[in-house]
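Observations on the three-dimensional arrangement
In case you want the letters, here they are:
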Amino acid sequence: MDTPSLPRSFRLLVTGGGTGGHTYPALTAIRTLQARLAAAGGTLDVLWIGTADGLEARVAPAEGIAFKTVATGKIRRSSNPLKMLSAANVKDMARVPLGVAQARTIVSEFEPDVVLATGGYVAVPAGLAARLCRRPLVLHEQTVRLGLANRKLASSATRIAVSSESSLELLPAEVRDRAVVTGNPVRPEVLSGHPDKAVQALSLYGFDRRLPTVYVTGGAQGAQQINGVVRDVLPWLLSHANVIHQCGPANVDELRAAAASLDPVLAGRYHLTGFVGPELPDVLALADIVVSRSGAGTLAEVTALGKPAVFVPLATSAGNEQAHNARHLADAGAAVALLGEVTPQALGDAVGPLLTDARLRASMAERARAYGRPDAADRLVDVLLSAAQGCKKITRGAERDS
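What counts, and where the lines are drawn
Residues numbered from 1 in each chain as written. Predicted model: local features only at pLDDT ≥ 70, side-chain atom pairs only at ≥ 80, totals over all residues. Heavy atoms only, no water. Helix = DSSP H or I, 4+ residues; strand = E, 2+ residues; numbered from the N terminus. Buried < 20%, exposed > 50% of the residue type's maximum accessible area, 1.4 Å probe, protein only. Contact = heavy atoms within 4.5 Å. Areas by Shrake-Rupley, 256 points an atom, 1.4 Å probe, with all protein chains shown as cover. Pairing = 2+ DSSP bridges. Axes fitted to C-alpha atoms, helices over the stretch in contact; angles between N-to-C directions. 1 Å grid on protein atoms, 1.4 Å probe; cavity = no way out; pocket = protein on both sides within 12 Å on 5 of 7 lines; lining within 4 Å. Points joined across faces, edges and corners; volume = space filled by probe spheres on them. Nonpolar A, V, L, I, M, F, W, Y, C, P; charged D, E, K, R; others polar. Parallel < 35°, antiparallel > 145°, perpendicular 65-115°, else oblique. Left-handed = near helix turned anticlockwise from the far one by under 90°. Polar contact = N/O pair within 3.5 Å; in protein donor to acceptor, adjacent residues only side chain to side chain.

Summing up its helical and strand segments, the chain has 16 helices and 13 strands in all. Taken over 402 residues, the chain has a buried fraction of 53%. In the chain, the share of contacts with a sequence separation of at least 24, taken over all contacts with a separation of at least 6, comes to 69%. Only carbon and sulfur atoms are counted for the fraction: they give 52% of the accessible area of the chain, which is about 18100 Å².

With that settled, consider the sheet that holds strand β5 (residues 137-140). The parallel open sheet is built from 7 strands, whose spatial order is β3-β2-β1-β4-β5-β6-β7. In the strand order of this sheet, the two ends are held by β3 (66-69) and β7 (179-181), each with one partner. For this sheet the average axis-to-axis angle between neighbouring strands, irrespective of direction, equals 25°. The pairing of strand β1 (residues 9-15) with strand β4 (residues 114-117) spans 4 bridges and is classified as parallel. Within the sheet, the bridge partner assigned to L12 lies in β4 and is V114. With respect to the sheet, helix α1 (residues 20-39) is in contact with β1, β2 (43-50), β4 and β5, its orientation differing from that of β2 by roughly 165°.

Pairing in this open sheet of 6 strands is parallel, and the strands run β10-β9-β8-β11-β12-β13 from one edge to the other. Edge positions in the open sheet fall to β10 (270-273) and β13 (336-337), since each of these has one partner strand only. Pairing of strand β9 (residues 242-246) with β10 involves 4 bridges; the strand directions are parallel. Within β10, the residue paired with V243 across the bridge is Y270.

Attention now moves to empty space enclosed by the protein. Within the structure shown, the criterion is met by 1 cavity of 30 Å³ or more. The space that makes up the largest cavity amounts to roughly 230 Å³. Lining the largest cavity are 20 residues, with S163, S164, L299, T303 and Y371 sitting closest to its centre. Taken together, the elements giving at least two residues each to the lining of the largest cavity come down to α12 (296-305) and α13 (321-331). Residues that form the lining of the largest cavity fall into these classes: 8 nonpolar, 11 polar and 1 charged.

Turning next to the packing of helix α4 (residues 96-110) against helix α5 (residues 123-132). Two numbers describe how α4 lies on α5: the axes approach to 8 Å, and their chain directions differ by 55°. When the interaxial angle is binned, α4 and α5 end up oblique. Of the two elements, α4 crosses α5, and the hand of that crossing is right-handed. Facing G99, V100, A103, R104 and V107 of α4, the residues of α5 in contact are P125, A126, L128, A129 and L132. Residues belonging to the contact of α4 with α5 are distributed by class as follows: 8 nonpolar, 1 polar and 1 charged.

Turning next to the side chain of T143. Counting through the fold element by element, T143 comes out in the loop between β5 and α6 (148-153). A polar side-chain atom of T143 sits 2.6 Å from a polar atom in the side chain of E141. Here the side chain of T143 touches R145 through a polar contact of 2.6 Å, landing on its backbone oxygen. In this structure T143 touches S167, A296, E321 and N325, once residues within four positions along its chain are discounted.

Let us now look at the pairing of β9. Of all 5 residues in β9, 5 are buried, a share of seventy percent or more. The sheet contact formed by strand β8 (residues 213-217) and β9 spans 5 bridges and is parallel. Paired with Y215 across the strands is I244, a residue of β9.

See below:
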């Protein structure tokens, strides 16, 4: 795609959120567009439509981004169609028309050059409002398959930005020509970590740097499933590696008690923490192997950095998307996916070869990197600018013909 020319000013309406997977790609795109415009002497005006209780309600104001809410409803999915007609679903679906009306007023007043929808049920009212107000709508999908909100909005979209080539064939045939592969935006700071800074920040002076380092994470709150199997293989694991284990704040005491009986040398190779904050880029830089869930954001970071990974998908993720994400990379030899019963033996069998074979790690890292798109934010910004310019050309042409 040719790099679009930059306007002097640009108005962007963002909608989506609920979770970090929908929120942070949008925020990264905003930051990237803002920086690009500022470098050329331009300005960006942003408005974010989200839910009052979603992550975006905290993130947007903290970033100085104007934020508004609209009525919306969460669809509780079920493999049984009759259960989809639950009282809660019917009540929530009845709120969507009100949300569309509210969003239409917001879009009409803000007059965005383009609307970016990153998924989550709040994106539906604003996405439909974009169509009603004849504003270009760009969807961004973080996972391999279109999420429910983006599926509902696909026919209204000007462009559909997807995170991998394999997503293209999964799109409805009638919208496939509007799709472009951008990747999933990764925060720039994640890509700029340094291993030695992690050692200093976390006081990892008992680590044996001759051994590989494993970073175990279950997300901000931790994951009981991952914590349990890691705890059960810990002595074996520490005999082959250093381990940084982000277990979630509520799980620290239990795991610390379990580790109390470790041999002192092995204990020196184990760093247990409830939460990894600003030091995350440095932890990822230090890690030779990542053991984690397989949410879209994690996949984007791991592949952009070229890290071998063992994924333990969250079985209850919407549409089983984490299993699809993990299988997609595992089929390409870019990761290992634990898709069956997750036992200590299964984890050991998955991690063991990577610990003992540096060439296998290097090969998997290379394949992971091939799927990574560290420039995803710039690609998505190109799509936004191009969609806005294309709409203006059509509008000018219609005015001339009238």
